[in-house]
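Architecture at a glance
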Amino acid sequence: MDGKKLEYKGEEALKELERLTMNADEVQEELLEEIVTRNGDTEYLSKYLRGSKDVSAFKNRVPVISYSGIQPYIKRIANGEDSSLISGHTIVEMLCSSGTSNGEPKLMPSIAEDLDRRTFLYNLVMPVVNQYIPGLDEGKAMFLNFVKAEMSTPCGLPARAVLTSYYKSKHYRGRPRNVPFLDYTSPDQTVLCEDSNQSMYCQLLAGLVFRHQVLRLGAVFASAFLRAISYLEKNWVKMCNDIRKGKLDASITDPECQLAMSSIITPPNPGLADEIEEICSGSSWKGILCRLWPKAKYIEAVVTGSMAQYIPSLEYYSDKRLPLFSPMYASTESFFGINLRPLDDPSEVSFTLLPNMCYYEFIPLGENSWSLDEEMEVPSNELVSLLQVKLGCYYELVVTTFAGLCRYRIGDVLQVTGFYNKAPQFKFICRRNVALSLDNDKTSEEDLHKSITVAKKLLEPHNAILLEYTSFADTSSVPGHYVLYWEIGHNKSKIDNSSLDEVLQECCIAVEEELDYTYRRCRSHDKAIGPLEIRLVKPGTFEALMDFYISQGGSINQYKTPRCINSKAALKLLESNVKGQFLSPRDPIWIP
């Protein structure tokens, strides 16, 4: 990629966006030609292309693969063999997937110019947003970003999360200071601190110090932002003391954090500390974000897909006064697209795929075939290109990258919602195969979310709100049954416990009534599935679950609560916190 593209700002960035989307077909074909030219002689591609550098040979001969198809090559490179096994450019690092979608992190190859592409997409976000919310260049952004400790492969290549890679890169650390849109409350040293507690403390403290200058709030995922609010609720007293005395709490021992924060909290500011204390000590934290950061104009965080669960909590803490903005669609394998309508309701968010990120192909799906087996062979002639997708249809995303992934199944199910110039726009539906299954039933993540969305409304009259959930298929008895772990909080006053037990049984049947035809047949007619169960867990259980996954190598930035639990250790943690169990009182209605 031309390094000049990193310099696109404002109107120039928007002009480049227009050029790319107006010429999406040409950009895609040129990109594939370049990938085939660069990587055609690699061990992986050459066995299919047999000396050809023709794009048609790639499309006709190269198979569609899942991770198991490329993993042996990645392992060989991680063990010290040459990058030329899969890429014509040197692989400089391995990027670790979050591992919370299906339980096992994957290593993805990355070359130096991949950072250019990621930065290019980041640089497009603010020019787009500024068209809808002007004046954002006149203040600071309180974005809570985190890194995690990195590992090394046997041959010494860094192995780290994609966002850790970005925050440690020259693209982030070497960005111009005091430039519009790049003025953050968090010093880089606090972002780069690998102790997530110290990092969180310092970043929130800095955000409080600059509270009257903050125009944007956010984190990468909604879950991380809500974790920060929870952390603030527990630690605001100490932070007020720091501001009042101009001295950092003794629990912060990281030298870089100490140095960076010393200039922020000195001199002492008792007036500011009193303001924050008055706000945080109030009887309710409803709307707390708007009171602490009165000039904030929106919250930036991913609230699509499984993150949609967190929308009610974000709306509670913002009193529905701050729009929720999901800026981009990205994965460890590649960054893909951008949200060009930042003020859309989260349920309507679509992403425009940028044709210069990677080469896109798509597996057409029926509306109810989202559980397509990742090891199932997909004939090459079934794939469609970026410009062949049709409005309203569902697809599974397949990508080819410069770093060596060829016709790789990302595992995301998308629906075409429109077009921006020639570039299609997609709504993220769910992860493929993140589902519960006991018999012939296949419950997707989206199906589960929809059913729980209906059921949790039954809690509202009892002053209760569903804060978080996960699930697993319990096969310890015959027949097996679905188990939902729910953590419930209050949204107004104390929960009405007197009738909550009965309501949770009603929630069980409400979930089952919303699940698909096959599940209800297996439950009601075949008796192959037992009654659905809700296990109510103690407050803080899902924070402990997040801590567990982070301790296993996960990243706060990338953490997503797994909607289906496979880890025995994670299940043990959940079980140790169960305080009530409720079964569906009857079979769901099923009509042949």
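Rules used throughout
Residues numbered from 1 in each chain as written. Predicted model: local features only at pLDDT ≥ 70, side-chain atom pairs only at ≥ 80, totals over all residues. Heavy atoms only, no water. Helix = DSSP H or I, 4+ residues; strand = E, 2+ residues; numbered from the N terminus. Buried < 20%, exposed > 50% of the residue type's maximum accessible area, 1.4 Å probe, protein only. Pairing = 2+ DSSP bridges. Contact = heavy atoms within 4.5 Å. Axes fitted to C-alpha atoms, helices over the stretch in contact; angles between N-to-C directions. pLDDT = per-residue confidence, 0-100. Phe/Tyr/Trp six-rings, centres within 6.5 Å; stacked < 30°, edge-to-face > 60°. Lys NZ or Arg CZ within 6 Å of the ring centre and 35° of its normal. Core = buried A, V, L, I, M, F, W, Y, C linked by side-chain atoms within 4.5 Å. Domains from an automatic or database assignment. Buried area = accessible area lost by both parts, 1.4 Å probe. Salt bridge = Lys/Arg side-chain N within 4 Å of Asp/Glu carboxyl O.

Below, the discussion takes up unusual backbone geometry. For the bond from threonine 266 to proline 267, the omega torsion is 0°, close enough to zero to count as cis. Within the secondary structure, proline 267 sits in the loop between helix H12 (255-265) and helix H13 (270-280). Non-glycine residue lysine 320 carries a positive phi angle of around 60°. Classification of lysine 320 by relative accessible area gives exposed; the value is 66%.

Taken together, 4 strands build an open sheet; the order of strands is E2-E1-E5-E4 and the sheet is mixed. Of all strands in the sheet, those with a lone pairing partner are strand E2 (107-111) and strand E4 (151-152), marking the two edges. Examined bridge by bridge, strand E1 (residues 91-96) and strand E5 (residues 158-161) share 3 bridges and lie parallel to one another. Within E5, the residue paired with methionine 94 across the bridge is alanine 159. The strands touched by helix H6 (residues 113-132) within the sheet are E1 and E2, with E2 carrying the most contacts at an inclination of about 90°.

A word on the environment of glutamate 575. Secondary-structure assignment places glutamate 575 in helix H20 (residues 568-575). Residue classification places glutamate 575 among the partly exposed residues on the basis of a relative accessible area of 37%. In contact with glutamate 575, other than residues within four places in its own chain, are Tyr485 and Arg535.

Right, let's get into the side chain of arginine 520. Considering the arrangement of structural elements, one finds arginine 520 in helix H18 (residues 517-524). Residues contacting arginine 520, with those up to four places away along its chain left out, are Glu512, Glu513, Leu515, His525, Pro588, Ile589 and Trp590.

Moving on to the confidence of the model for the chain. Looking at the chain, the pLDDT average stands at 87 and 92% of residues meet or exceed 70. Low pLDDT, under 50, characterises residues 1-8; the predicted model gives this stretch 18 contacts beyond four residues in sequence or across chains.

Our next topic: the packing of aromatic side chains. Geometry of an aromatic ring pair is reported as the spacing of the ring centres plus the angle between the planes. In this structure the tally under the stated criterion is 20 aromatic pairs. Centroid distance tyrosine 172 to tyrosine 184: 6.5 Å. Interplanar angle 10°. Geometry classified as stacked. Within this pair, whereas tyrosine 172 is found in helix H8 (residues 170-173), its partner tyrosine 184 is found in the loop between H8 and helix H9 (188-191), the two being separated by 12 residues in sequence. Lying across the ring of phenylalanine 210, lysine 140 places its NZ or CZ 4.7 Å from the centre. The aromatic ring of tyrosine 469 is capped on one face by arginine 563, whose charged end is 4.3 Å from the ring centroid.

Below, the discussion takes up the environment of phenylalanine 548. Tracing the backbone shows phenylalanine 548 in helix H19 (residues 541-551). Looking at phenylalanine 548, the relative accessible area reads 16%, which means it is buried. Contacts of phenylalanine 548, omitting those with residues within four sequence positions, involve Ser567, Ala569, Ala570 and Leu573.

Next up on the list: the sheet that holds strand E22 (residues 578-583). Overall, mixed pairing links the 4 strands, which are arranged E19-E20-E21-E22 in an open sheet. One side of each edge strand has no neighbouring strand; the edge strands of this open sheet are strand E19 (464-474) and E22. This sheet shows a mean twist of 25° between the axes of neighbouring strands, independent of strand direction. Across the sheet, H19 touches E19, strand E20 (481-490) and strand E21 (533-537), and the angle it forms with E20 is around 115°.

Here we come to the nonpolar core. The biggest cluster of nonpolar side chains holds 85 residues, and the ones touching the most others in it are Ile70, Phe336, Tyr360, Phe362 and Leu397. Here this core takes 8 residues from H6, the largest share from any one element. When residues of this core are assigned to domains, at least three fall in each of domain 1 (10-112 + 330-431) and domain 2 (134-296). Ignoring any residue separated from it by four or fewer positions in sequence, one finds leucine 397 in contact with Tyr329, Phe336, Tyr360, Glu361, Phe362, Tyr408, Arg409, Ile410, Gly411, Asp412 and Leu414. Judged by nonpolar contacts, the second largest core, of 75 residues, contains Cys202, Leu226, Leu289 and Leu322.

This part covers the domain arrangement of the chain. What the domain assignment lists for the chain is domain 1 (10-112 + 330-431), domain 2 (134-296) and domain 3 (434-583). Facing the 17 residues of domain 2 at the interface are 11 residues of domain 3. Both sides of the domain 2 and domain 3 interface together cover about 1200 Å² of buried area, and 54% of this is carbon and sulfur. Among the residues domain 2 hides against domain 3, the three largest losses belong to Lys148, Phe221 and Arg227. Together they make up 45% of the total. For the pair domain 2 and domain 3, the interface holds 2 salt bridges. Here arginine 227 makes a salt bridge to aspartate 547, at a shortest N to O gap of 2.3 Å.

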